[in-house]
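# Structural description and commentary
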Amino acid sequence: GAVVSQHPSWVICKSGTSVKIECRSLDFQATTMFWYRQFPKQSLMLMATSNEGSKATYEQGVEKDKFLINHASLTLSTLTVTSAHPEDSSFYICSASSNRGRAKDTQYFGPGTRLTVL
Amino acid sequence: AQSVAQPEDQVNVAEGNPLTVKCTYSVSGNPYLFWYVQYPNRGLQFLLKYITGDNLVKGSYGFEAEFNKSQTSFHLKKPSALVSDSALYFCAVSLPRGGNNRLAFGKGNQVVVIP
């Protein structure tokens, strides 16, 4: 299958600071990347969808000024949590898919990033 | 709008016995259907998918799933469960344009394989 990495795998930060999470497709070109949030023992909640070179599409209720998404290349998307607060603590997971090749029609997921805001 | 139902919260099965995880869906048109597995504190691993063709789909780690259009189901199966199969399993559906579109996930099923 296709491989997606995320960095960092976990991060602890102070309230009010910003945190950047990277998502990379290692062996394919990701024309679309997705960012999810997962609470304990719950399913994934889609936050936003981003296509390479264009602005992300945010789901209803997700603050785009708080969760900044950049998809500048076909292998990299970043999620920046700005002015993080304890309620932003969560498990963030990215996924990537393509319109061709091994990741066509299928989302492949990164290993996730555990964010803890103190 | 598409939706996915995984009716059971937890599935308990003895090691070596057949494992079934149920999934039904509701979507207009012809769906793309997926199964993913999640181990603790990890992302989701792709197991298998149905897009078109043979209704029986074979995937990773000995898993398979059968697409049943009349029952709008896509149950995941494994003939002989292993303790290492204990994990959280998600069924997902997307609209005909495929994985580049949004996935709708079921709530997930915790599978516990008892030694």
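Refer to the structure printed above.
Residues numbered from 1 in each chain as written. Chains lettered and ligands numbered in written order. Predicted model: local features only at pLDDT ≥ 70, side-chain atom pairs only at ≥ 80, totals over all residues. Heavy atoms only, no water.

### Points about the sheet that holds strand β7 (residues 67-73) of chain A
Working definition: the strands of a sheet are paired by backbone hydrogen bonds and lie parallel or antiparallel to each other. Residues and elements named next belong to chain A. Within the open sheet, the 4 strands sit side by side as β1-β3-β8-β7. Their pairing is antiparallel. At either margin of the open sheet sits one strand with a lone partner, and together these are β1 (4-7) and β7. Each strand axis lies, on average, 15 degrees off the axis of its neighbour in the sheet, ignoring direction. Pairing between β7 and strand β8 (residues 76-81): 5 bridges, direction antiparallel. Within β8, the position partnered with Phe67 by the bridge is Val81. (Pairing = 2+ DSSP bridges. Helix = DSSP H or I, 4+ residues; strand = E, 2+ residues; numbered from the N terminus. Axes fitted to C-alpha atoms, helices over the stretch in contact; angles between N-to-C directions.)

### Brief notes about the nonpolar core
Side chains that are nonpolar tend, in soluble globular proteins, to be buried together. Grouped together as the largest cluster of nonpolar side chains are 28 residues, with contacts concentrated most on Leu19, Trp35, Leu47, Leu48, Phe74, Leu76 and Tyr89 of chain B. Of all the secondary structure elements, the ones that give two or more residues to this core are β2 (10-14), β3 (19-21), β5 (32-38), β6 (44-50), β8 (64-68), β9 (73-78), β10 (87-94) and β12 (109-114) of chain B. By residue number, the principal contributor to this core is β10 of chain B, which donates 4 residues. Contact partners of Leu19 of chain B, with chain neighbours within four places excluded, come to Val11, Val13, Phe63, Leu76, Lys77, Lys78, Ala81 and Val111 of chain B. In terms of nonpolar packing, the next biggest core, distinct from the first, is built from 27 residues, Ala30, Ala48, Ala56 and Leu79 of chain A among them. (Core = buried A, V, L, I, M, F, W, Y, C linked by side-chain atoms within 4.5 Å. Buried < 20%, exposed > 50% of the residue type's maximum accessible area, 1.4 Å probe, protein only. Contact = heavy atoms within 4.5 Å.)

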